[in-house]
Every structure is written in structure tokens, then in C-alpha cells.
Amino acid sequence: MTLRVGVLGTGNMGSAMVGTLRRAGHEVVVWTRTATKAQAIAAATGAELATSAAGAVKGSDVALSSLADDKAVLDVYLGEGGAVEGARRGQVLLEMSTIAPDTVRRVGRAVEDRGAMLVDAPVSGSVPTVERGELTIMVGGEGAALERARPVLEALATRIFHVGDLGAGATVKLAVNALVHAIDVGVSEALVLAEKAGVERTAAYDVFAAGAAAAPFVLYKRDAFEHPETAKLTFTLDLMAKDLDLILGLAREVGARMDQATENRRLVGEALEEGFSGRDLSAIAEYLRR
């Protein structure tokens, strides 16, 4: 089924989604707050340009957003010319950013007031995963809305999990990222331990990649850990800090102990204070080497 898809946000993930949706045969109309970014991705993929978030949503069968943080989501949906203004009865909007569940529900109420349906559908994966259409997507919202949006999600993902009501997708994404960030710090500490004890970096990682700890993250981040000076930036320490703040905020709200996440946030804060802003999250290992 070919659909017309509005894409709000053309950062690393959003841009990759535009390309993947176009290769899957969908029509795409893009909008972002930085017009030159939208123009570049439109030129590269053959997508159309919208002049506002409302315009991108209004002309689409399904619209999706992939944005930096909660503030960006609230601005893009609820601000002047925002996505909510363009929503119409029966339409499905997919919010795919990593944000707080309460933010999802707040936006959802505004979308529902227009007669449309919001689904929170954050993703697990990286830019190469998007480009291959192999994301894992966690969906919160009504089953009927999920089914309407499924052709779009299936172009981007190999695994789609309906985990509950609106906000449940965001909750599970924060839980997933708590685990991913714990693995990141764990690999960093283990690798530096082996190196400081005299084991060559690649030899240690050979064992990591073959043993019980060989999670997908350990495998696909190998180059970043082994060759930090040349590895491609995929997810910054700044975003890791943002995620951990959201995770710890949710933990306080629901009364969950997150001792490891608390320590990981402290460590990331140290690295950022020492000039590691803008570096890949695997740079925790380089920070520990110092």
C-alpha cells in the first residue's frame, strides 16, 4: 500500500526515515524547523517540502515526527502552525522521538481533540538500521490506529511490538535505553580494564564479541570502541545524558530504584564537563582511559 507520509524533523534518524520510506515507494512530504535541512533531504530523496508542520500533516495519510527532545515535540505539535493544527478526523500521527510518557499523553489529548489519533512509536536502532528498514519499534496507543499506520512502520522496521496504551511505547523506550546505556558503560569499563592490565584492545574485543556478553550493541559498536578516532558518530553523549535524565525522572515518578542509571548519569556528566560534548556515547571508554 502506497501512502503519503508527512515527516516532521530531518535530523539523523528523521532523514534516514525519509530515504527508507521513499525507497519503499511511499510519497513523502518533509518539514523541519531548519529549512535548509529539509531542502537538502528533499533534493536527495525526491520528497516534497512543506512550509509548516501543519501543512506536512494536513496533506498526508499518516504523519510521523522524529525530534530531539520534549521541548521540540511540544513546540512542533502545539505551537503556532504546529502539527495539531493540520490534523484531521481519522488521521494517525506517529510520535517516534525519545521523550517522557507524560509529554506523549499531553500531545495525544490535543491530537484527539482534532478527531485524529496519536500513536507513540519510538524506535530501537541506529541510522544504518533505519536505512535497512530493520528497526525495532515499540508502539503505545489504540490497536486500530496501529493498523492504519502499519504500512509506514513496516517500511522502517522488522519488529513491531504493541506494548500498551498511549505512553507505553515511550515508557518501554526509556527502559530499553537504560539497558543500552548500561551496556555502553559496561563495555567501556571492561575494555579499559583489559587494556590497563596489558591486553591488546582488539584481542579483548574479540572475546567480548564471541562470548555471553555479545549483545547486538556490542557487535555493531565495535568499530567505535576499537577505533574512536575514525568511527562514525551515531549517538552523542549529550543525548545519552538527556535520556538518563528522562529515565531517572520516570523512575522518581513511579518509585523505581535505578542505582546503575544514577551512576551512569554521574559518569556521563563528568565526561561532558571534561570536553566530551558532541562525542559518540562510546567515548566513555576514551574518557576512562584518561
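Use the structure listed above.
Computed from a prediction, not measured in an experiment: that's the story for all the values here.

Draft legend 1. Geometry of the pairing of strand β6 (residues 117–120). On β6, burial covers both faces: Met117 and Val119 on one face and Leu118 and Asp120 on the other are all buried. For strand β5 (residues 92–95) and β6, the ladder comprises four bridges, and the chain directions are parallel. Bridging from a neighbouring strand, Leu93 pairs with Leu118 of β6. Following the backbone out of β5, through helix α6 (residues 101–113) and into the adjacent parallel β6, one traces a crossover that is right-handed.

Draft legend 2. Just the packing of helix α9 (residues 168–196) against helix α10 (residues 201–210), in detail. Contact pair α9 / α10: the axes reach a minimum separation of 9 Å and the direction vectors enclose 135°. By the criterion of interaxial angle, the relationship of α9 to α10 is oblique. Here α9 runs over α10; the crossing is right-handed. From α9, Val187, Ala190, Leu191, Ala194 and Glu195 reach across to α10, where they touch Arg201, Ala204, Tyr205 and Phe208. For the contact of α9 with α10, the residue count by class is seven nonpolar, no polar and two charged.

Draft legend 3. View of the nonpolar core. With 35 residues, the main nonpolar core has Leu21, Val30, Leu64, Leu94, Met96 and Ile137 as its most contacted residues. Filtering out sequence-adjacent residues up to four positions away, Val30 remains in contact with Val7, Thr10, Val18, Ala38, Ile41, Ala42, Ala47, Glu48, Leu49 and Ala50. With 31 residues, the next largest nonpolar core counts Phe217, Leu237, Leu246 and Ala283 among its residues.

Draft legend 4. Geometry of the pattern of salt bridges. This structure, assessed with the given rule, holds 19 salt bridges. Taking the shortest distance from any N to any O, the salt bridge between Arg150 and Glu154 comes out at 3.9 Å. Of this pair, Arg150 and Glu154 both sit in helix α8 (residues 143–156), four residues apart, roughly one helical turn. Given a relative accessible area of 23%, Arg150 falls into the partly exposed group. The class for Glu154 is partly exposed, based on a relative accessible area of 47%. Between Asp245 and Arg265 there is a salt bridge; the shortest N-O distance is 2.8 Å. With Asp245 in helix α13 (residues 237–254) and Arg265 in helix α14 (residues 259–276), this pair connects stretches of sequence that are 20 residues apart.

About the cut-offs
Residues numbered from 1 in each chain as written. Predicted model: local features only at pLDDT ≥ 70, side-chain atom pairs only at ≥ 80, totals over all residues. Heavy atoms only, no water. Buried < 20%, exposed > 50% of the residue type's maximum accessible area, 1.4 Å probe, protein only. Helix = DSSP H or I, 4+ residues; strand = E, 2+ residues; numbered from the N terminus. Pairing = 2+ DSSP bridges. Right-handed = clockwise from strand over helix to strand, strands pointing away. Axes fitted to C-alpha atoms, helices over the stretch in contact; angles between N-to-C directions. Parallel < 35°, antiparallel > 145°, perpendicular 65-115°, else oblique. Left-handed = near helix turned anticlockwise from the far one by under 90°. Contact = heavy atoms within 4.5 Å. Nonpolar A, V, L, I, M, F, W, Y, C, P; charged D, E, K, R; others polar. Core = buried A, V, L, I, M, F, W, Y, C linked by side-chain atoms within 4.5 Å. Salt bridge = Lys/Arg side-chain N within 4 Å of Asp/Glu carboxyl O.

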